[in-house]
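# Topology and contacts: notes
The primary structure of each chain is shown beneath.
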Amino acid sequence: MFDWNFLVFVGALSVAAFSPGPGLAALVATVLANGARQAIWFGVGMILGDLAWLTVSLSGLALIAQQIPLVFIVIKWAGVLYLVYLAIKIWRSPPAATQIGARPKERSAIARIVSGYLITMGNPKVMLFYLALLPSIVSPTSLSFTMVAALVFAVIGVVAVVFTIYAPVSYTHLRAHETVL
């Protein structure tokens, strides 16, 4: 029999994953720039980032962050600064001279995975979910190998469903606009 905490976790994760944020914006941008198929590796990196935050939270960093708020503040602001850095870097980069319909330079699967992972690791929404919300939903006393495995599969499943919905919708939207042009 499943623990109610697990069902609450899946519900909260679903709401957090489906709500727009930097990760989904990056996923949609990747789909629009490279196509839905190429965004799969980016999504794999984002899932790995979610699993890393889950591991950090379950391993006790969340308890440390609750006991020593400065640790949590430093982690949060490091993520914010990283996202600001990315925004400034993109904003200040010169526009690329491309032809309409030209595809950007192909990146390797590893580069896409790393990009997705870093976006997730620096995403304040993800940090807050795993470090602040998860410990209040899943109590340390309810953790067992089965519960941890269920949490891992829930993260993979929910985030994969979100990507499976967002990527094709973004790609379809892109194709609809290309036919109009």
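In case you missed it, the structure is sitting above this.
Attention in this report is confined to the structure presented alongside it.

Calculation criteria
- Residues numbered from 1 in each chain as written.
- Predicted model: local features only at pLDDT ≥ 70, side-chain atom pairs only at ≥ 80, totals over all residues.
- Heavy atoms only, no water.
- 1 Å grid on protein atoms, 1.4 Å probe; cavity = no way out; pocket = protein on both sides within 12 Å on 5 of 7 lines; lining within 4 Å.
- Points joined across faces, edges and corners; volume = space filled by probe spheres on them.
- Helix = DSSP H or I, 4+ residues; strand = E, 2+ residues; numbered from the N terminus.
- Nonpolar A, V, L, I, M, F, W, Y, C, P; charged D, E, K, R; others polar.

Let us look at the layout of surface pockets. In this structure, the second largest pocket encloses a volume near 160 Å³. If you trace the second largest pocket, you find it lined by Leu-27, Ala-36, Arg-37, Ala-39, Ile-40, Gly-43, Val-44, Ile-47, Ala-160, Phe-163, Thr-164 and Ala-167. If you tally residues by element for the lining of the second largest pocket, the top one is helix 3 (residues 39–67), at 5 residues. Grouping the amino acids of the lining of the second largest pocket by side-chain chemistry returns 9 nonpolar, 2 polar and 1 charged.

A separate point is empty space enclosed by the protein. Taken as a whole and judged by the stated rule, the model has 1 cavity of 30 Å³ or more. Estimates place the volume of the largest cavity at around 210 Å³. Lining the largest cavity we find 19 residues, and of these Ala-16, Ala-17, Asp-50, Lys-125 and Val-126 sit closest to its centre. Elements represented by at least two residues in the lining of the largest cavity include exactly helix 1 (4–18), helix 2 (22–34), helix 3, helix 5 (109–121), helix 6 (124–137) and helix 7 (145–180). Per-element tally for the lining of the largest cavity: the top contributor is helix 6, with 4 residues. Of the residues that constitute the lining of the largest cavity, the class distribution is 13 nonpolar, 4 polar and 2 charged.

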